[in-house]
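Residue-level structural notes
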Amino acid sequence: MSVLVVGSIALDTVKTPVAEHADLLGGSASYAAVSASFFGPVQLVGVVGDDFPKDHVQFLAQRKIDLTGLQHATGKTFRWSGEYMLDMNTRETRSVELNVFEHFTPTLPSSYNTSPFVLLANIAPSLQSHVLDQMSRPKFIIADTMDLWINIARADLEALLKRVDMLILNDSEARQFTGENNLIKAGKRIRAMGPRFVAIKKGEHGCLLFGENEFFSCAAYPLEEIHDPTGAGDTFAGGLAGYLASTVQGPVTFEALRHAIVYGSVLASFNVEAFSLERLRTIQQHDIAARYESFRLMSQFEVTL
Ligand code: AMP
């Protein structure tokens, strides 16, 4: 089954303590779509300007991502620039140029509106809702968000939450959104606002998954070297959605989501090993399977004495 991914497509400039690279392929939808494409068909909705390199479009097409919903607008592509501090966890946004993204309205081609799995990657919550307005009831809807929307579009975000099955956000966003410092309480509060499932990401410390009466704590895959954390969250969400779409036949269960969370974490761990989507260009199915297996073994608790 296919996953519809909507979000930003960007040219990013990223500075880390060791390197700086300009005009890289980025954006929430780029990371999420490529990550999901390792599991099955993906339909992309987004916008690029006339400066967007053809190579990037080719790369997305090579990943067998359906680009019918990719809009080509006159003007410059959305640009974002960020700088990471020494811990590689703290990030400062240096600049944002909305460009063609400013007037972006996600319009679904008719071939997209029956897609069973939907990943509303990070864009304004009103646009995320607009996508849902164009669809017959999808089987499972996942939304991602960011601090910006919690600050400037809280009402829209709250309205969206009543329409989605799962919200993914990071720890600081969960605290900011709920005013609750304890993440367990924060996760439960967000669930009470609508989504049946909530995933709170904790960067290098993993992720918490909340269901009705179920809870799962997943570590992050331990890495010695991180080159660029940009898009880790989007890659995580894309891997999670792609795994669900490729394996779940009936309703999405908590058990299926546990596995999906681990696959999302595996994909994110690859992504941070290089700038932009460079690492996702080189990995293959067997790399994902091998890392999943080593992650599974290192996470086992049973001890035989
Ligand atoms: P993450 O590291 O998961 O926060 O995602 C980083 C990506 O989000 C970058 O590739 C940016 O281009 C993109 N991004 C940054 N700000 C925004 C925004 N306001 N709306 C949509 N995407 C954004």
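Residues numbered from 1 in each chain as written. Predicted model: local features only at pLDDT ≥ 70, side-chain atom pairs only at ≥ 80, totals over all residues. Heavy atoms only, no water.

**Examining the side chain of Ser115**
Along the chain, Ser115 falls in the loop between β7 (91-97) and β8 (117-120). We classify Ser115 as buried; its relative accessible area is 3%. For Ser115, the side chain forms a polar contact with the main-chain nitrogen of Leu4, separated by 3.4 Å. Among the polar contacts made by the side chain of Ser115, one reaches the side chain of Gln43 at a distance of 3.3 Å. Among all residues touching Ser115, those that are not within four sequence positions of it are Ser2, Val3, Leu4, Gln43, Met135 and Pro138. (Helix = DSSP H or I, 4+ residues; strand = E, 2+ residues; numbered from the N terminus. Buried < 20%, exposed > 50% of the residue type's maximum accessible area, 1.4 Å probe, protein only. Polar contact = N/O pair within 3.5 Å; in protein donor to acceptor, adjacent residues only side chain to side chain. Contact = heavy atoms within 4.5 Å.)

**With respect to the pairing of strand β5 (residues 65-72)**
By the bridge criterion, six bridges tie strand β4 (residues 42-48) to β5 in an arrangement that is parallel. Across the sheet, residue Gly46 finds its bridge partner in β5, namely Leu70. What joins β4 to β5 is helix α2 (residues 54-62), and the crossover it makes is right-handed. (Pairing = 2+ DSSP bridges. Right-handed = clockwise from strand over helix to strand, strands pointing away.)

**What about the layout of surface pockets?**
Size it by volume and the second largest pocket reaches roughly 420 Å³. Taken together, 15 residues form the lining of the second largest pocket, with Phe216, Arg258, Val262, Arg296 and Ser299 sitting closest to its centre. Elements supplying a minimum of two residues to the lining of the second largest pocket: β13 (215-218), α9 (254-271) and α11 (285-298). By residue number, the principal contributor to the lining of the second largest pocket is α9, which donates four residues. Split into classes, the residues belonging to the lining of the second largest pocket amount to seven nonpolar, four polar and four charged. (1 Å grid on protein atoms, 1.4 Å probe; cavity = no way out; pocket = protein on both sides within 12 Å on 5 of 7 lines; lining within 4 Å. Points joined across faces, edges and corners; volume = space filled by probe spheres on them. Nonpolar A, V, L, I, M, F, W, Y, C, P; charged D, E, K, R; others polar.)

**Looking at the environment of Ala241**
In this structure, Ala241 sits in helix α8 (residues 232-247). What makes Ala241 buried here is its relative accessible area of 1%. Spatially, the C-alpha atom of Ala241 lies 9.0 Å from that of Phe140, the residues being 101 residues apart in sequence.

**Looking at the sheet that holds strand β12 (residues 207-210)**
In spatial order, the strands read β5-β4-β1-β8-β9-β10-β11-β12-β13; together these nine strands make up an open sheet with mixed pairing. The sheet is open, and its two borders are formed by β5 and β13, each paired with just one other strand. Each adjacent strand pair in this sheet contributes to an overall mean axis angle of 15°, direction not counted. Its contacts with the sheet place helix α3 (residues 125-133) against β1 (3-6), β8 and β9 (140-144), and it is angled at close to 160° to β8. (Axes fitted to C-alpha atoms, helices over the stretch in contact; angles between N-to-C directions.)

**Describing the site of the ligand**
The ligand sits among 17 residues. The nearest are Ser8, Asp12, Gly27, Arg91 and Gly231. A distance of 2.8 Å is found between an oxygen atom of the ligand and a side-chain nitrogen or oxygen belonging to Arg91. In the model, an oxygen atom of the ligand is placed 2.9 Å from a nitrogen or oxygen of the Asp234 side chain. Taking 510 Å² as the accessible area of the ligand by itself, protein coverage stands at 87%. Counted by class, the shell around the ligand contains seven nonpolar, seven polar and three charged residues. (Near = heavy atom within 4 Å. Areas by Shrake-Rupley, 256 points an atom, 1.4 Å probe, with all protein chains shown as cover.)

**Remarks on helix α6 (residues 171-178)**
For α6, the full list of buried residues reads Glu173, Ala174, Phe177 and Thr178. Considered in projection along α6, the buried side chains sweep an arc of 115° and stay on one side of the axis. Buried residues belonging to α6 abut α4 (147-152), α5 (154-161), β10 (166-170), α7 (183-192) and β11 (197-201). In the segment just after α6, Gly179 is the residue with positive phi, at about 70°. (Arc of directions from axis to C-beta.)

**Comments concerning the packing of α9 against α11**
In contact at an axis separation of 10 Å, α9 and α11 are set at 115° when each is read in the N-to-C sense. Crossing geometry of α9 relative to α11 is assigned as right-handed. Contacts between α9 and α11 involve His259, Val262, Tyr263, Ser265, Val266, Leu267, Ser269 and Phe270 from the first element and Asp287, Ile288, Arg291, Tyr292 and Phe295 from the second. Looking at the contact of α9 with α11, its residues break down into eight nonpolar, three polar and two charged. (Left-handed = near helix turned anticlockwise from the far one by under 90°.)

**A closer look at the pattern of salt bridges**
Within this structure, the stated rule accounts for 16 salt bridges. One salt bridge connects Arg291 with Glu273, and the closest N-O pair in it is separated by 2.9 Å. Highlighted residues: Arg291 in helix α11 and Glu273 in the loop between α9 and α10 (278-282), separated in sequence by 18 residues. As a salt-bridge pair, Glu293 and Arg296 come within 2.9 Å of each other at their nearest N and O atoms. (Salt bridge = Lys/Arg side-chain N within 4 Å of Asp/Glu carboxyl O.)

**Some thoughts on the sheet that holds strand β2 (residues 10-15)**
One open sheet holds the four strands; their spatial order is β3-β2-β6-β7, and the pairing between them is mixed. Pairing within the sheet leaves two strands with one partner each, and these edge strands are β3 (20-26) and β7. With direction set aside, neighbouring strand axes in the sheet form an average angle of 20°. Examined bridge by bridge, β2 and strand β6 (residues 78-84) share six bridges and lie parallel to one another. Each bridged residue has a counterpart across the sheet, and for Ala10 the counterpart in β6 is Phe78.

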